[in-house]
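Architecture at a glance
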Amino acid sequence: MEQLVGLSRSTLYAMMAEGTFPKPIKLGKRAVGWRAIDIEAWFEARSLGEVFQ
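Each value, and the rule that gives it
Residues numbered from 1 in each chain as written. Predicted model: local features only at pLDDT ≥ 70, side-chain atom pairs only at ≥ 80, totals over all residues. Heavy atoms only, no water. Phe/Tyr/Trp six-rings, centres within 6.5 Å; stacked < 30°, edge-to-face > 60°. Helix = DSSP H or I, 4+ residues; strand = E, 2+ residues; numbered from the N terminus. Buried < 20%, exposed > 50% of the residue type's maximum accessible area, 1.4 Å probe, protein only. 1 Å grid on protein atoms, 1.4 Å probe; cavity = no way out; pocket = protein on both sides within 12 Å on 5 of 7 lines; lining within 4 Å. Points joined across faces, edges and corners; volume = space filled by probe spheres on them. Nonpolar A, V, L, I, M, F, W, Y, C, P; charged D, E, K, R; others polar. Arc of directions from axis to C-beta. Contact = heavy atoms within 4.5 Å.

What to know about the packing of aromatic side chains
A full pass over the atoms with the stated rule returns three aromatic pairs. With centroids separated by 6.3 Å and ring planes inclined at 70 degrees, the aromatic side chains of phenylalanine 21 and tryptophan 34 adopt a geometry described as edge-to-face. Taken together, the positions of phenylalanine 21 in the loop between helix 2 (9-18) and strand 1 (25-28) and tryptophan 34 in the loop between strand 2 (31-33) and helix 3 (36-47) put the pair 13 residues apart, joining distant regions of the chain. In this structure phenylalanine 21 comes out as buried when scored by relative accessible area, which is 2%. Relative to tryptophan 42, the ring of phenylalanine 21 has its centre 4.9 Å away and its plane inclined at 75 degrees; by these criteria the two rings are edge-to-face. Pair noted here: phenylalanine 21 is in the loop between helix 2 and strand 1 and tryptophan 42 is in helix 3, with a separation of 21 residues, a long-range link.

Structure (structure tokens):
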């Protein structure tokens, strides 16, 4: 995810805590992932200068 959005892991987790980046879905004991639609919505909001909610 870091490479896709161009933000560091710590920045992504800080944004998740603030509610400005989608929260991941647990895939396994030590693995998480994001729904493509959530990331697309985040990109769209960001490109319009809006805050993702």
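Next comes the rest of the account.
Focus: the layout of surface pockets
Here the largest pocket defines a volume of roughly 170 Å³. Met1, Glu2, Arg9, Leu12, Tyr13, Met16, Val32 and Trp34 are the residues that line the largest pocket. Here the residues of the lining of the largest pocket sort into six nonpolar, no polar and two charged.

A closer look at helix 2
Along helix 2, the positions that sit buried rather than exposed are Leu12, Met15 and Met16. End-on view of helix 2: buried residues confined to an arc of 105 degrees, all on one side of the axis. Every exposed residue of helix 2 that faces more than 90 degrees away from the buried side is listed here: Ser10, Ala17 and Glu18. Residues of helix 2 that are buried make contact with helix 1 (2-5) and helix 3. One or two residues past the end of helix 2 sits glycine 19, with phi positive at roughly 85 degrees.

In short, shape yes, function no, at least from these values alone.
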